[in-house]
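Report on the structure
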Amino acid sequence: AKEQGSGRYGVYHTAQGSVRVERFALGNELRRATDRGDFSLQYQPKVDALSGRVCGMEALVRWQHPEFGAVSPGRFIPLAEEMGLIVPLGRWVLNEACRQMAQWQQAGMIPIRMGVNLAGPQIAHERLLQEVDEALAQAGLPASLLDLEITENFVIRQPELTVSKLTQLRERGISLSMDDFGTGYSSLSYLKRLPINTLKIDQSFVRDIGQDRDDEAIVKAIIVMCRSLGIGVLAEGVETSEQLDFLLRHGCHHIQGYYYSRPLDPPALWDFVDQHGMA
Ligand code: C2E
Ligand code: CA
Ligand code: CA
Ligand code: CA
């Protein structure tokens, strides 16, 4: 069926009633939103399933566009990377997450780590270390409360640079997590060279626990490997008690996923922490 344009944004209502946004239009809007800081953060708890207490959280960026509605980060983060906007956007995320964390600390929350996603171009950026220092200093937050989540793929492209930057972050007392583990092109030898504290098992492996023997074998192998390398391990995307039981049985008790909670607005995160206590 023929699509009907609805004007300057290049928004199209398709025959199925869904809204399709032209890439170029989304890109323009993203640039404007980055200038204006039209974003917000939600926070997803990480839970130690052994105690049921909160052991950390992850900041996840949200973009609510006045006309497009909520645009998912899976869509606009890759675009921001392509357009060279991820550095300013990532800087905003880092500052806001640190500011929120400091506010919670002042309100009496027991210290737990805040995970912030770091995209490849941010790691490559020459001012990364200064910007991280500035974000912490401005918020008055200790480096030990920050956990930067990085993905494997960037490491492969620029191993020397990555090792050097990550080492300097670690020297400040910042924790590092390897995100989406198992989905990228990582070589296991990098794991040994990188100063990683925690490895996050990607949700694509967790999803089919109970259904797919291969995925179960991979999950088990990752847990064993982490233990022998002395790296912490966390499972992402845990939704069911069956998945949780499997993970616990095999020695992974740090859990993030809808089973415990979706990403939450700040007041709801506070309530969650209040109810569950902290590890
Ligand atoms: P990610 O870093 O792997 O974040 C986890 C994603 O899985 C989040 O999606 C979260 O809402 C979702 N999730 C958590 N638990 C479950 C579950 O039990 N089931 C399912 N199906 N999903 C679950 P979200 O918020 O849409 O973010 C998608 C991706 O966008 C993130 O994946 C990350 O790669 C990127 N992203 C989000 N915020 C930022 C940011 O501030 N900076 C950067 N560079 N990337 C970000
Ligand atoms: Ca992440
Ligand atoms: Ca992930
Ligand atoms: Ca599978």
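Residues numbered from 1 in each chain as written. Chains lettered and ligands numbered in written order. Predicted model: local features only at pLDDT ≥ 70, side-chain atom pairs only at ≥ 80, totals over all residues. Heavy atoms only, no water.

Looking at an unreviewed UniProt entry, the protein chain carries the name EAL domain-containing protein, with the source organism given as Marinobacterium rhizophilum.

Tetrahedral metal sites with four donors have an ideal angle of 109.5 degrees; octahedral sites with six donors have ideal angles of 90 or 180 degrees. Looking at the calcium ion (ligand 4), one finds its protein donor set to be Asp-208 (OD), Asp-212 (OD) and Asp-215 (OD), positioned 2.3 to 2.9 Å from the metal centre. The sequence motif formed by the donor residues of the calcium ion (ligand 4) is D-x3-D-x2-D. (Donors = N, O, S within 2.8 Å, 3.2 Å for Na, K, Ca; no water.)

Our focus in this paragraph is helix α12 (residues 266-276). An α-helical turn contains 3.6 residues, so a residue and the one three or four places further along point in the same direction. Every buried residue belonging to α12 is among Leu-269, Phe-272 and Val-273, and all of these are buried. One side of α12 holds all its buried residues, which, seen down the axis, span an arc of 95°. More than 90 degrees from the buried face of α12, the exposed residues found are Pro-267, Asp-274 and Gln-275. Taken from the residues just after α12, Gly-277 is the one with a positive phi, measuring 75°. (Buried < 20%, exposed > 50% of the residue type's maximum accessible area, 1.4 Å probe, protein only. Helix = DSSP H or I, 4+ residues; strand = E, 2+ residues; numbered from the N terminus. Arc of directions from axis to C-beta.)

Attention now goes to the site of ligand 1. Around ligand 1 lies a shell of 20 residues, among which Gln-44, Arg-62, Asp-179, Glu-239 and Tyr-258 are the nearest. With respect to ligand 1, the side chain of Arg-62 contributes an N or O atom lying 2.8 Å from an oxygen atom. Between ligand 1 and the protein, one listed contact pairs an oxygen atom with a side-chain N or O atom of Glu-236 at 3.4 Å. The protein chains hide 81% of the 790 Å² of surface that ligand 1 would expose on its own. Among the secondary structure elements, those contributing two or more residues to the shell around ligand 1 are β5 (53-65), α2 (73-82) and β9 (175-181). At 4 residues, the largest contribution of residues to the shell around ligand 1 is made by β5. Its residues placed into classes, the shell around ligand 1 shows 9 nonpolar, 5 polar and 6 charged. (Near = heavy atom within 4 Å. Polar contact = N/O pair within 3.5 Å; in protein donor to acceptor, adjacent residues only side chain to side chain. Areas by Shrake-Rupley, 256 points an atom, 1.4 Å probe, with all protein chains shown as cover. Nonpolar A, V, L, I, M, F, W, Y, C, P; charged D, E, K, R; others polar.)

Here 4 bridges tie strand β10 (residues 198-201) to strand β11 (residues 232-235), and the two strands are oriented parallel to one another. Within β11, the residue paired with Ile-201 across the bridge is Ala-235. For β11 and strand β12 (residues 254-255), the ladder comprises 2 bridges, and the chain directions are parallel. Note that in β12 the partner of Ala-235 across the bridge is Ile-255. This β-α-β element, β11 to helix α11 (residues 241-249) to β12, shows right-handed connectivity. (Pairing = 2+ DSSP bridges. Right-handed = clockwise from strand over helix to strand, strands pointing away.)

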